[in-house]
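Architecture at a glance
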Amino acid sequence: MTLQVWAGIAVIVVAVLLLVWAAFGDPDRKRRRATSNLRRGLELIEREAPPLETRDRREGLRGAARALTPAGALRRLDLQLARAGRPPSWPLSRVLVFKLILGAVGGLLGLLVFLDGPSVLRLLLAAGFTLLLYFLPDLLIYNTGLKRREQIQQELADTLDQMVIAVEAGLGFEAAMGHAARNGSGPLAEELIRTLQDIQVGQPRKAAYEALSARNEVQDLRRFISAIIQADVYGVAIGDVLRTQASEMRIKRRQRAEEKAMQVPVKIVIPLILCILPVLFIVVIGPGVMDIVKLFGQI
């Protein structure tokens, strides 16, 4: 084998080892064990990571990945992680390490391909492959956030119905929110618990509600939060607001379901044309074409 092949194999092996270390390595085991012991017995655990400015810079590969990433990209990635629910297995530092490793692997492999036969096309392919691998974690996090947003939008109507029942039974708005959050499961329940925690530690209600709206790009949730803030400012009965919002959310959920159902025939056209019709033509017209070819071949 040539030197370039050996170099490519070495790059892949080193990259796999670094990815395994980044995914399963645990340099802060003692610190996390102490934190887990301190939080043992608590029902509601704060999952939001601390701000970027107050985080400690870890030594080694994680510190290098953070240092090489621009501040604007760090803020955008941190916001995407917040909208994705901050998966426990994907902290910001680990994502930065993955981006750095994947970008380096893509660059080295692209360089090897380019050196094998230098050309403008290979240079563009190498650059595109490097960028694709570097931004692959961003795409995965964005996709996770998109699915989480759809799940929140789907759960909002049922959660508001529970809050309406709780308020009509005599509970306050925050108590009704806590009741719906404890009885629910999913990203919306987690966000409501986070909002109640913010209020309990002393954050103003309006700021906590606005933070809930800012963490989630769900238009229905933002409209609901705006209605709650206005009701709190002008003294409108919260039960009437909740009842109106719950009815509106159910109507919008039904409209979205009808819209998706109407999109199905249009989406079926492409696989029908590309996959089903050619096979159908072959089955129906194929024997006749073969007979015609055989007939003209005997002339």
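Residues numbered from 1 in each chain as written. Predicted model: local features only at pLDDT ≥ 70, side-chain atom pairs only at ≥ 80, totals over all residues. Heavy atoms only, no water.

Focus: the packing of aromatic side chains
Enumeration over the complete set of coordinates arrives at 3 aromatic pairs. When the centroid spacing of 6.0 Å and the interplanar angle of 85° are considered together, the rings of Phe-173 and Tyr-209 count as edge-to-face. With Phe-173 in helix α8 (residues 173–183) and Tyr-209 in helix α10 (residues 205–215), the pair connects residues that are 36 residues apart, well separated along the chain. There is no split in this pair, since Phe-173 and Tyr-209 are both buried. In this structure, Lys-99 packs its charged tip against the face of Tyr-134, placed 4.0 Å from the ring centre. (Phe/Tyr/Trp six-rings, centres within 6.5 Å; stacked < 30°, edge-to-face > 60°. Helix = DSSP H or I, 4+ residues; strand = E, 2+ residues; numbered from the N terminus. Buried < 20%, exposed > 50% of the residue type's maximum accessible area, 1.4 Å probe, protein only. Lys NZ or Arg CZ within 6 Å of the ring centre and 35° of its normal.)

What to know about a nonpolar patch on the surface
A surface patch of nonpolar side chains, amounting to about 710 Å² of accessible area, comprises Val-264, Ile-268, Val-269, Ile-270, Leu-272, Ile-273, Leu-274 and Ile-276. Mapped onto the secondary structure, Ile-268 falls in helix α12 (residues 238–298). (Patch = residues over 30% accessible without salt bridge, like charges linked within 9 Å, V, L, I, M, F, W, Y side chains within 5 Å. Areas by Shrake-Rupley, 256 points an atom, 1.4 Å probe, with all protein chains shown as cover. Salt bridge = Lys/Arg side-chain N within 4 Å of Asp/Glu carboxyl O.)

Thoughts on the packing of helix α9 (residues 187–200) against α10
The contact between α9 and α10 brings their axes to 9 Å, and the two run at 150°. What the angle tells us is that α9 and α10 run roughly antiparallel. Where α9 crosses over α10, the two elements pack in a sense that is right-handed. Contacts from Glu-191, Leu-192, Arg-194, Thr-195, Asp-198 and Ile-199 in α9 reach Arg-205, Ala-208, Tyr-209, Leu-212 and Arg-215 in α10. (Axes fitted to C-alpha atoms, helices over the stretch in contact; angles between N-to-C directions. Parallel < 35°, antiparallel > 145°, perpendicular 65-115°, else oblique. Left-handed = near helix turned anticlockwise from the far one by under 90°. Contact = heavy atoms within 4.5 Å.)

A word on the nonpolar core
Counting 32 residues, the largest nonpolar core has Leu-160, Met-163, Phe-173, Tyr-209, Leu-221, Phe-224 and Leu-242 as its most contacted members. In terms of residue count, the dominant contributor to this core is helix α7 (residues 136–168) (8 residues). Listed in part, the 12 residues of the second largest apolar core include Leu-96, Val-97, Val-105 and Ile-141. (Core = buried A, V, L, I, M, F, W, Y, C linked by side-chain atoms within 4.5 Å.)

Things to note about the pattern of salt bridges
In the structure shown here, the tally under the stated rule is 17 salt bridges. Here Glu-174 and Arg-205 are joined by a salt bridge, their closest N and O atoms 2.2 Å apart. Of this pair, Glu-174 sits in helix α8 while Arg-205 sits in helix α10, and the two are 31 residues apart along the sequence. When its relative accessible area of 24% is taken as the criterion, Glu-174 is described as partly exposed. One salt-bridge network, held together by shared partners, links Arg-148, Glu-191, Arg-194, Asp-198 and Arg-215.

Re the side chain of Lys-99
If you trace the backbone, Lys-99 turns up in helix α5 (residues 92–116). A polar atom in the side chain of Lys-99 sits 3.1 Å from the backbone oxygen of Tyr-134. Side-chain polar atoms of Lys-99 contact the side chain of Asp-138, separated by 2.4 Å. Leave out the neighbours within four places in its chain, and Lys-99 touches Leu-77, Tyr-134, Phe-135, Pro-137 and Asp-138. (Polar contact = N/O pair within 3.5 Å; in protein donor to acceptor, adjacent residues only side chain to side chain.)

Section: the environment of Leu-109
Relative to the helices and strands, Leu-109 is located in helix α5. Leu-109 sits 20 residues away from Phe-129 along the chain, and the two C-alpha atoms are 8.9 Å apart.

Examining unusual backbone geometry
Residues other than glycine seldom take positive phi values, yet Arg-86 does so here, at roughly 50°. Tracing the backbone through its elements, the reader meets Arg-86 in the loop between α4 (71–83) and α5. For Arg-86, a relative accessible area of 10% puts it in the buried group.

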